Every structure is written in C-alpha cells, then in structure tokens.
Amino acid sequence: MTVYFIGAGPGASDLITVRGQRLVERCPVCLYAGSLVPPEIVASAPADALVMDTAPMHLDMIVEEIRKAHGKGKDVARVHSGDPSIYGAIAEQMRRLDALGIDYEVVPGVPAFAGVAAKLKTELTLPEIAQTVILTRTGMKASSMPEGEQLEILGQSGATLAIHLSIRNLDYVREALAPHYGEDCPVVIAYRATWPDELYLRTTLGEMKSEARKAKLTRTALIMVGPVLGEVQFRDSALYDAGFAHVLRNAGKKKNRADA
C-alpha cells in the first residue's frame, strides 16, 4: 500500500500530470483538498472508491483515514493543489506516515505561479531584466516569516516575486517593496488562476490595494511583482543567437551533421 501525494495543478482540470491523473483513476481511496482542487479531477476515481473532501478535516482525521486504508491494503491518492512541495502542508503528513511505517510517494504538479505566467503569456526571466523568481509569502496570524525572509529583505534583489497567501496584507506588501521597485512597478493579482472564474488584475504597487478592493478579492489570489510584467525592452536570449556556440551547436554553422 502506498500513499501518493499528488499535485493537481493550479485549477484547470486538465493541468494535472498524466501520472497524477492515472493514480487518481486507479486508487481505491481518494482524499482531496476540496477548497482548492476542482471536483472534475477526482471525478475520475474508480466508481467504488472512497472519495473524501478533506477541507473540513484536521490532520488527525486525515491521517486516521490513511491508517484505515493502510490496514486494508488500499492505495491512497492524496490530492493537493498546485505543486505539493510549495505551501502544500505535506511535510507534517509525511512525518506522521513515517512514524506509522506507511509508504508514500510525491507526484509533482504545475505550481500556481507557472499557471499565471502561462495565462499572461509572460516569461518571468527576461535577459538583463530579471533572472530570478522568488516564491514567498508574508507573515500572518497563522505563522510568521523566518528571520531574513521578510519582503523588505527579499525586495532588495529586484527579482520577480510570486507572493502567496497575502491578498489581505497589501498595505505591508506595498510598504516593503516600493522603496526597491517603485510605486509604478507592474503588479498582477491573479485570482483563482486557470479556473473558469479566473481574474487577472494588471496594476501597480501603488494602486494594487484599491484595485483588489474594487474586485472584492479577499482570498485565493497570487500577487506577482516585477518589471517583467510590464512593457519592457529586452535583448534576445543568447540561447538561440546564431553567434552563440554550445555543445549541440557550433557558432555560425548553418547545417547540422544530418545535413552535411
């Protein structure tokens, strides 16, 4: 018996990986985070499978269902949103399973920031504009940020920022980042990215709170910050430059070996 922690992707039901979908289709037990995972994904579970929404359940209850499945020798599809390695709360579940001697595997998924970039048709790492993407959040009631990971410090990098779980903390986001990025820095607030009711607000650091308030956004939103999100001039990447040589291509060579 194995528990499979499966990343379901950012929201669209066809963005789960083939591996993840096949596991959902064959596991006799399916525990999914119903507040963030579309029901269409778990609808493909076997007709006689036990399918449970874990949104109203606490950790002990979830682990107990896994323990029961283990006792019956039934594989479990534990379905999380996005990629389970990012704010997936799987570490404490895996720690419990280790203590119980229950085997598990992790199946990666499309993270929310990648889903947003795809919908915006935006590359997050443009030559000489930004070559770093930072995934972070802000401290809230649930948990504070570790020392050294505050936005005031991360903002000094000038990197593209994907700020999770912070839609109710926009005043702080602006205060922390404006000295480094400027009030006019492009911002995209992505609400329920790739879901049927998705919404993308293109705004700035200075205007993002008022725009979010107009749209009545209070949860399930990702805040993207950085100059790559605006109208910027950048040079072509060296990767496909005719004068750039690498192990698979000689500089300036028009024919490959097959054509010689």
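As a starting point, this report considers the structure included with it.

Reading the values: rules and limits
- Residues numbered from 1 in each chain as written.
- Predicted model: local features only at pLDDT ≥ 70, side-chain atom pairs only at ≥ 80, totals over all residues.
- Heavy atoms only, no water.
- Pairing = 2+ DSSP bridges.
- Helix = DSSP H or I, 4+ residues; strand = E, 2+ residues; numbered from the N terminus.
- Axes fitted to C-alpha atoms, helices over the stretch in contact; angles between N-to-C directions.
- Contact = heavy atoms within 4.5 Å.
- Phe/Tyr/Trp six-rings, centres within 6.5 Å; stacked < 30°, edge-to-face > 60°.
- Buried < 20%, exposed > 50% of the residue type's maximum accessible area, 1.4 Å probe, protein only.
- Lys NZ or Arg CZ within 6 Å of the ring centre and 35° of its normal.
- Core = buried A, V, L, I, M, F, W, Y, C linked by side-chain atoms within 4.5 Å.
- Parallel < 35°, antiparallel > 145°, perpendicular 65-115°, else oblique.
- Left-handed = near helix turned anticlockwise from the far one by under 90°.

## Considerations on the sheet that holds strand 5 (residues 103-107)
Sheets are built from strands that pair by backbone hydrogen bonding, the pairs being arranged parallel or antiparallel.
Then comes step 1: Read across the sheet, 5 strands follow the order 3-2-4-1-5 without closing on themselves; strand pairing throughout is parallel. On the outer flanks of this sheet lie strand 3 (50-53) and strand 5, each paired with one strand and no other. Here the strands of the sheet are splayed against their neighbours by 15° on average, with no regard to which way each runs.
Then comes step 2: Examined bridge by bridge, strand 2 (residues 29-32) and strand 3 share 4 bridges and lie parallel to one another. Bridge pairing in strand 3 places leucine 31 opposite methionine 52.
Then comes step 3: Strands strand 1 (2-7), strand 4 (76-80) and strand 5 of the sheet are contacted by helix 1 (residues 18-26), whose axis makes an angle of about 135° with strand 1.
Then comes step 4: The strands that helix 3 (residues 59-71) touches are strand 1, strand 2, strand 3 and strand 4; relative to strand 2, the one it contacts most, it runs at about 170°.

## Overview of the packing of aromatic side chains
The geometry of an aromatic ring pair is captured by the separation of the ring centres together with the interplanar angle, meaning the angle of the planes.
Then comes step 1: One pass over the full model with this rule turns up 1 aromatic pair.
Then comes step 2: Their ring planes at 80° and their centres at 6.0 Å tell us that phenylalanine 5 and tyrosine 104 sit as a pair that is edge-to-face. Residue phenylalanine 5 is found in strand 1, and its partner tyrosine 104 is found in strand 5; the two are separated by 99 residues along the sequence.
Then comes step 3: On the basis of relative accessible area, phenylalanine 5 is assigned to the buried category, the value being 0%.
Then comes step 4: Seen from the ring of tryptophan 195, arginine 192 lies directly overhead, with NZ or CZ sitting 4.0 Å from the centre.

## Brief notes about the nonpolar core
Then comes step 1: Core analysis: the biggest nonpolar cluster contains 23 residues, and Leu161, Ile163, Leu177, Ile189, Leu205 and Val225 have the highest contact counts within it.
Then comes step 2: Contributions of two or more residues to this core are made by helix 6 (151-154), strand 7 (160-164), helix 7 (170-181), strand 8 (186-191), helix 8 (208-214) and strand 10 (221-225).
Then comes step 3: Counting residues per element, this core draws most heavily on helix 7, which supplies 5 residues.
Then comes step 4: Once residues within four sequence positions are removed from consideration, leucine 161 is found in contact with Ile134, Leu151, Leu177, Tyr181, Ile223, Met224 and Val225.
Then comes step 5: Ranked by size, the runner-up nonpolar core spans 18 residues in total, among them Tyr32, Val37, Ile41 and Val42.

## Section: the sheet that holds strand 10
Then comes step 1: Overall, mixed pairing links the 5 strands, which are arranged 6-7-10-8-9 in an open sheet. In the strand order of this sheet, the two ends are held by strand 6 (133-137) and strand 9 (199-204), each with one partner. Taken pair by pair, the neighbouring strands of this sheet meet at an average axis angle of 20°, ignoring direction.
Then comes step 2: Sheet topology places strand 8 next to strand 9; 6 bridges connect them, and they run antiparallel. Opposite valine 187, over in strand 9, you have threonine 203 as the bridge partner.
Then comes step 3: Sheet contacts for helix 5 (residues 112-120): strand 6, strand 7, strand 8, strand 9 and strand 10; angle to strand 10, the most-contacted strand, approximately 70°.
Then comes step 4: Docked against the sheet, helix 7 engages strand 7 and strand 10, running at close to 170° with respect to strand 7.

## Digging into the environment of serine 13
Then comes step 1: As for its placement among the helices and strands, serine 13 is situated in the loop between strand 1 and helix 1.
Then comes step 2: Put simply, serine 13 and valine 225 are 212 residues apart on the chain and 27 Å apart in space, counted from C-alpha to C-alpha.

## Points about the packing of helix 3 against helix 4 (residues 91-100)
Packed helices, taken two at a time, are described by the angle their axes make and the gap between the axes.
Then comes step 1: As a packed pair, helix 3 and helix 4 sit with axes 11 Å apart at the nearest point and diverge in direction by 45°. Compared by their axis directions, helix 3 and helix 4 come out oblique. Viewed along their axes, helix 3 and helix 4 form a crossing whose handedness is right-handed. In this structure, helix 3 uses Leu59, Asp60, Ile62, Val63 and Ile66 to contact helix 4, whose residues at the interface are Glu92, Gln93, Arg96, Leu97 and Leu100.

This is a description of form; function is not addressed.
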